Amino acid sequence: PIVDQDKCTGCGACEKSCPKNIINLSSVTRRIIREYTIEDCTTPCQRSCPAGINISEYISQIAKGDFHKAVQVIKERNPFPTVIGRICPRPCEFECRRKYVDEPVAINFLKRFAADYERDNNERILPFKAPATGRKIAVVGGGVEGLSAAFFSARLGHEPTIFEASSQLGGLLRNAIASNRLPQDTLDWDIEGVFEMGVNVETGKALGKDVSIDSLLGEGFEAVFIASGGWDNRLARGAGSEVEELIPGTYLLIDFMGADKNSGKIKCGKDVVIAGGGELTLDVIKSCKQLGAEKINVLFNENIENTPVDESTIKNIESEGAVIVYGAGISRITGEGGDLSELEYTVSTGERKTIPANTLVIASGRFPELIFLKNESDESGESGESDEMLSGKTIKWVGVESCKSPVDDSGLLSKGGPLTDFSAAIKAISAGRKGAASLHQLLYGIELYNPDQVIRSQTIIQNVDQIFGVMDIPREIMPLNYINDSELEQGFTKKQAKKEAERCLECGLVCYKHSDDTLQYKIA
């Protein structure tokens, strides 16, 4: 079907009336929020990309010479193409069907070429964004995930503001990658593109010190997304020895074990919940009791057969008076002002239970990706200038788990969430998009869920493992720089990029392009 962009109103009549179900309407919002399922005609490279970039499409545009369109396609799912084109571990290339003939297509080098084209021409190319909603969003953390969450929130029409504790944005990309692989000005270029999408930034603002969840909600932000990064990011900004309480009443186990219990930095309430912890759980329980805890619940995400502690440790935990719950994932916490009051967890049967909690200890190296909103039971305040803040009252809030990749279990510390930091920037970008999608759905009262049959790395899907009728074409070699203190790789020339792009087999789900133009195996 061919759509007349000037006349289409998006009414959906064609989609509903099509007898073959081949017409699918799209929109900015749909493209950002959607997850690919096994019913979609996706390519093997796209399925392996954590961000879900439409790889075959942007390569096709490069082959046609439409580099502007190629950049737009990339930025549909990746706001950092210039950066990722230099540092991505390239899982897509491991799945490229071209490997069955000669060598995989240089997918990432082609992404870099398109992004460098944009930068070299000093012509900012931005993807489409939805109409303004007027809703203000606060994103805590100016690393890749936080910047991505803000970028996609802006594309959804909201007004995001990033609050970053340090003086610069970029997180570990700023501090942990050699300049000959990722020059600082290259990182700055992509970050400036996030600003141009409509993102505001306040640096030198640390959550828990300069701002708090209830203060942000009181200042008119309708939601707060936590993307504070992992322990390594904290070390990079010189705060490794500090005890941080970004979320009221919530501590990382590594802080809890390393801090001086008498320093006053750790505050323990009467009702304590410990999420995970392994063999260190018993030590945490004893420390909590010394600090005045009266009731302690230990939640293990694993079932009793796969629990991370041995039988003797379990007996010692129970002898201290703590209650162990197996197969439990924390999905929601609630509180008021700077205090945590209770949390909700989901067990393996799907049943949800709520227990009191003044202190939460999490066995990970990072604070979870929670989304905070005003509690629905708190009906005294409205958006904008908060009545609670003006009258001196505290705000009741609720923290909801962001929708992650579909996994067998849910809740904090589940398989779908990182324990320290993301293993690759492209995965952090994916988490940022999913965080923005979750924010959007919560703001409009849409239940967070993953559709059935979402594609993930373990999904068994019809595929091909042999290629016939394709001629050998050598892969283009990336030119290198041999000058000291210069960037290691030069990037493809226009001629190289078009030649490499033409190696793409333009795969479908179970199809690919034959070398002979009269024989086409490509299907929708």
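Residues numbered from 1 in each chain as written. Predicted model: local features only at pLDDT ≥ 70, side-chain atom pairs only at ≥ 80, totals over all residues. Heavy atoms only, no water.

A.B. asks: Looking at this structure, how should I read the overall build of the protein chain?
C.D. replies: Helices and strands together make up the secondary structure of the protein chain, namely 19 helices and 14 strands. With respect to the three principal axes, the spread of C-alpha positions in the protein chain is 75 × 60 × 55 Å. Counting over 524 residues, the protein chain shows a buried share of 52%. Counted over contacts in the protein chain with a minimum sequence separation of 6, partners at least 24 positions apart contribute 71%. Accessible area of the protein chain: about 24,500 Å², with a carbon and sulfur share of 48%. (Helix = DSSP H or I, 4+ residues; strand = E, 2+ residues; numbered from the N terminus. Buried < 20%, exposed > 50% of the residue type's maximum accessible area, 1.4 Å probe, protein only. Contact = heavy atoms within 4.5 Å. Areas by Shrake-Rupley, 256 points an atom, 1.4 Å probe, with all protein chains shown as cover.)

A.B. asks: Where do I start with the environment of Gly-469 in this structure?
C.D. replies: Residue position: Gly-469 is located in the loop between helix H18 (425-443) and helix H19 (494-501). Looking at Gly-469, the relative accessible area reads 37%, which means it is partly exposed. Separated by 46 residues in sequence, Gly-469 and Ser-515 place their C-alpha atoms 6.2 Å apart. The residues contacting Gly-469, other than those within four sequence positions of it, are His-514 and Ser-515.

A.B. asks: Just to check I follow, could you spell out helix H4 (residues 55-64) for this structure?
C.D. replies: An α-helix turns once per 3.6 residues; consequently, residues spaced three or four apart project the same way. In terms of burial, H4 is largely enclosed, as seven of its 10 residues are buried. What H4 keeps buried is the set Ile-55, Ser-56, Tyr-58, Ile-59, Ser-60, Gln-61 and Ile-62. The first or second residue beyond H4 is Gly-65, which carries a positive phi of 90°.

A.B. asks: Would you mind showing me how to read the environment of Thr-349 here?
C.D. replies: By the element assignment, Thr-349 lies in the loop between strand E10 (339-346) and strand E11 (352-356). Note on Thr-349: relative accessible area 66%, which makes it exposed. Distance in space between the C-alpha atoms of Thr-349 and Ala-328 is 9.7 Å, their sequence separation being 21 residues. Side-chain polar atoms of Thr-349 contact the backbone nitrogen of Glu-351, separated by 3.5 Å. (Polar contact = N/O pair within 3.5 Å; in protein donor to acceptor, adjacent residues only side chain to side chain.)

A.B. asks: Could you clarify how one ought to interpret the nonpolar core in this entry?
C.D. replies: Residues Ile-55, Tyr-58, Ile-59, Ile-62, Phe-80, Leu-110 and Leu-173 are the most contacted members of the largest nonpolar core, which totals 71 residues. If we ignore the near neighbours within four places in the chain, the residues touching Phe-80 are Val-144, Leu-147, Ser-148, Asp-190, Ile-191, Val-194 and Ile-429. In terms of nonpolar packing, the next biggest core, distinct from the first, is built from 35 residues, Leu-217, Phe-221, Ala-357 and Leu-360 among them. (Core = buried A, V, L, I, M, F, W, Y, C linked by side-chain atoms within 4.5 Å.)

A.B. asks: Just checking my understanding: could you explain the packing of aromatic side chains for this structure?
C.D. replies: For any pair of aromatic rings, geometry is given as the distance between the ring centres together with the angle between the planes. As enumerated under the stated definition, the model contains eight aromatic pairs in all. Between Phe-67 and Tyr-117, the ring centres sit 5.2 Å apart and the planes meet at 65°, which makes this aromatic pair edge-to-face. On the criterion of sequence distance, the pair formed by Phe-67 in helix H5 (residues 67-75) and Tyr-117 in helix H8 (residues 107-120) is long-range, its members being 50 residues apart. Taken together, the ring pairs in this structure connect Phe-67, Phe-113 and Tyr-117 into an aromatic cluster. Here Arg-124 stacks its cationic end above the ring of Trp-189, 3.6 Å away from the centre of that ring. (Phe/Tyr/Trp six-rings, centres within 6.5 Å; stacked < 30°, edge-to-face > 60°. Lys NZ or Arg CZ within 6 Å of the ring centre and 35° of its normal.)

A.B. asks: Any chance you could explain a nonpolar patch on the surface here in plain terms?
C.D. replies: The grouping of Leu-480, Tyr-482 and Leu-488 at the surface amounts to a nonpolar patch, some 340 Å² of accessible area in total. Structurally, the position occupied by Leu-480 is in the loop between H18 and H19. (Patch = residues over 30% accessible without salt bridge, like charges linked within 9 Å, V, L, I, M, F, W, Y side chains within 5 Å. Salt bridge = Lys/Arg side-chain N within 4 Å of Asp/Glu carboxyl O.)

A.B. asks: I would appreciate a short explanation of the sheet that holds strand E9 (residues 329-336) in the present structure.
C.D. replies: Sheet strands line up and pair through hydrogen bonds in the backbone, either parallel or antiparallel. Strand order in this open sheet of nine strands is E3-E2-E1-E4-E13-E14-E9-E10-E11, and the pairing throughout is mixed. Each of the sheet's edge strands pairs with one partner strand only, and the pair in question is strand E3 (200-203) and E11. On average, adjacent strands in this sheet sit at an angle of 20° to one another, irrespective of strand direction. Contacts from helix H9 (residues 144-155) reach strand E1 (136-140), strand E2 (159-164) and strand E4 (223-226) within the one sheet, and its direction differs from that of E2 by about 165°. (Pairing = 2+ DSSP bridges. Axes fitted to C-alpha atoms, helices over the stretch in contact; angles between N-to-C directions.)

A.B. asks: When you look at the sheet that holds strand E6 (residues 271-275) in this model, what are you seeing that I'm missing?
C.D. replies: Read from one edge to the other, the open sheet built from five strands follows the order E5-E12-E6-E7-E8, with strand pairing classed as parallel. Strands at the two margins of the open sheet, each flanked by one partner only, are strand E5 (250-252) and strand E8 (323-326). On average, each strand axis in the sheet is inclined to that of its neighbour by 20°, with strand direction left out of account. Where E6 lies against strand E12 (residues 359-362), four bridges are found, and the strand directions are parallel. Looking at the pairing, Val-273 lines up with Leu-360 of E12.

A.B. asks: Mind showing me how you'd approach the pattern of salt bridges here?
C.D. replies: Opposite charge on two side chains permits pairing when their charged atoms draw close. Under the definition given, this model contains 31 salt bridges. Linking Asp-185 and Arg-119 is a salt bridge whose minimum nitrogen-to-oxygen distance equals 3.1 Å. Residue Asp-185 is located in helix H11 (residues 184-196), and its partner Arg-119 is located in helix H8; the two are separated by 66 residues in the primary sequence. You can call Asp-185 partly exposed: its relative accessible area is 46%. A single salt-bridge network, built from bridges that share partners, covers Arg-86, Arg-112, Asp-116, Glu-487 and Glu-489.

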